[in-house]
Structures are given as structure tokens and as C-alpha cells.
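# Topology and contacts: notes
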Amino acid sequence: MPSDFAIFIGEMMRRPTEVVAIAPSSAAVARKMTEGVENIHGPIVEIGPGTGSFTRAILDRGVAPERLTLMEMNPRFCDTLRAKFPGVTVLNRPAQDIEKIGLRGIGAVISGVPVLARPTIQRQVVGRAFNVMAPDGVFVQITYSPGAPISDEMQAELGVRYEKRGTVWANLPPARVFAFHRMQH
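Residues numbered from 1 in each chain as written. Predicted model: local features only at pLDDT ≥ 70, side-chain atom pairs only at ≥ 80, totals over all residues. Heavy atoms only, no water.

Let us now look at the sheet that holds strand 2 (residues 68–71). Sheet strands associate in pairs through backbone hydrogen bonding, adopting either a parallel or an antiparallel arrangement. Spatially, seven strands are ordered 3-2-1-4-5-7-6 in an open sheet, and the strand pairing comes out mixed. Of all strands in the sheet, those bounded by a partner on one side alone are strand 3 (89–91) and strand 6 (160–168). Put simply, the sheet's adjacent strands are angled 20° from each other on average, direction ignored. With eight bridges connecting them, strand 6 and strand 7 (residues 175–182) associate as antiparallel partners. Across the sheet, tyrosine 162 pairs through a bridge with phenylalanine 180, a residue of strand 7. (Pairing = 2+ DSSP bridges. Helix = DSSP H or I, 4+ residues; strand = E, 2+ residues; numbered from the N terminus. Axes fitted to C-alpha atoms, helices over the stretch in contact; angles between N-to-C directions.)

Next up on the list: helix 4 (residues 75–84). What sets the pattern is the α-helix's 3.6 residues per turn: residues three or four places apart point alike. Buried residues of helix 4: Phe77, Cys78, Thr80 and Leu81, and no others. Along the long axis of helix 4, the arc covered by the buried residues comes to 165°, so they all point the same way. Within helix 4, the exposed residues directed more than 90 degrees away from the buried face are Asp79 and Ala83. Regarding helix 4, its N-cap is asparagine 74, as a side-chain oxygen of that residue lies 2.9 Å from the backbone nitrogen of arginine 76 further along. (Buried < 20%, exposed > 50% of the residue type's maximum accessible area, 1.4 Å probe, protein only. Arc of directions from axis to C-beta. Polar contact = N/O pair within 3.5 Å; in protein donor to acceptor, adjacent residues only side chain to side chain.)

Before going further, it helps to examine the nonpolar core. Counting 27 residues, the largest nonpolar core has Met33, Ile44 and Ile110 as its most contacted members. Within the residue set of this core, elements represented by two or more residues are helix 2 (27–33), helix 3 (53–60), strand 2, helix 4, strand 4 (106–111), strand 5 (133–143) and strand 7. Not counting the four nearest positions on each side in its chain, isoleucine 110 is found in contact with Met33, Val37, Ile44, Val45, Glu46, Ile47, Phe54, Ile58 and Val140. Formed by 24 residues, the second largest nonpolar core is a distinct cluster that contains Ile47, Met71, Leu103 and Phe178. (Core = buried A, V, L, I, M, F, W, Y, C linked by side-chain atoms within 4.5 Å. Contact = heavy atoms within 4.5 Å.)

Next up on the list: the environment of valine 125. If you trace the backbone, valine 125 turns up in helix 5 (residues 119–131). Overall, valine 125 belongs to the buried group, its relative accessible area being 2%. Distance from valine 125 to valine 113, taken between C-alpha atoms, is 8.8 Å for residues twelve residues apart in sequence. For valine 125, the contacting residues outside a window of four places in its chain are Ile47, Ala95, Gln96 and Phe139.

Right, let's get into the side chain of threonine 34. By the secondary structure assignment, threonine 34 is in the loop between helix 2 and strand 1 (44–47). Of the residues examined, threonine 34 reaches a relative accessible area of 0% and is grouped as buried. Apart from residues no more than four positions distant in its own chain, threonine 34 is found in contact with Phe54, Ala57, Ile58, Arg61 and Arg165.

Taken by themselves, the reported measurements are silent on function.
Written out as C-alpha cells, the structure is:
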């Protein structure tokens, strides 16, 4: 079986508009992205899992495979994910379909989907995710920008606030992890 990196590079070359990262995320980023998922109740959804570095970290934290749903647009990545993670639900669907997959009370969304400076994607992905998340649900986003990947104006529109989990310098490029929660009224 080809390595994750080989599959990743092959798909990046075949589908450059879909695969936008320059390398699979490091284990250190995966640990930062999945911090606390073992304490989350309800379903967990990962959007844009690629070859599964965050998926592995979620399962390594003790989350039962049947609680995890992956939404990935790339069919080859979907085949790889199904083979690597038995018991995990893998859907060949875009993140924008999160309201249509039949899950409610989602405890966490782990996102590898690029949302920076893309207001339409932010509404369609982050906004729709919060529509089907539990009141205390968390949306965890990776970004390569120093600031929050969602502007203050868009956070206000979506009714969310962020907490910066940290920067992982040992990633190419360095990655920042932000967790978004509903604003408390």
C-alpha cells in the first residue's frame, strides 16, 4: 500500500484545486487539533480529513470509531480512509453538506478545510456546522495564518468566538489551531 505522503502528493498533482495543503499535517498538529476530544459527548465530525492524520489522533485519544464521521471530497482519500479506519463512517461529500448527513448534537467538528478569507465557505461550512452542533460544541480549525481564520465581523455574524489553542512550529508550514464556540448570551 502506498504511503500517506505518496497518496497525498499524487492527489495534490491530480487535483491541485482540491488538495491545498503542501504536506499532510504533522503528528504534533494532529495532537493540538484533537486536544480534549476524549471528553466530548455526541458525534464527532472531521471535515477535509485528507489521508487521516487527525483521524488517527482522534481514535488514539479513545474516541470509538462508530462516533466518528469523516467528510472528504476526494474519492481516493475516501478509499484510503475506509481501509485504514474500519468502523469509521466515511462520506464522499463536501463539508457544506454537514446539515444533510443526518447527525444532530455534534460535539466537535475537526476541520482541515481552508476557510481563511473565504466568507462564503465560512458561512456554508462553519455556519452550517453550528446549526447541527450541541450547544457546547466546538469547531476546531487549522490555519497557516498568524491570526484567526475567521474575521471578527464573520464571527459576530455566525455568533461564535474563538480561543487560540496554539502554534505548532514543527509543521510545514507552521500551523495555528483555533477553537470556535458559540457566544454565550
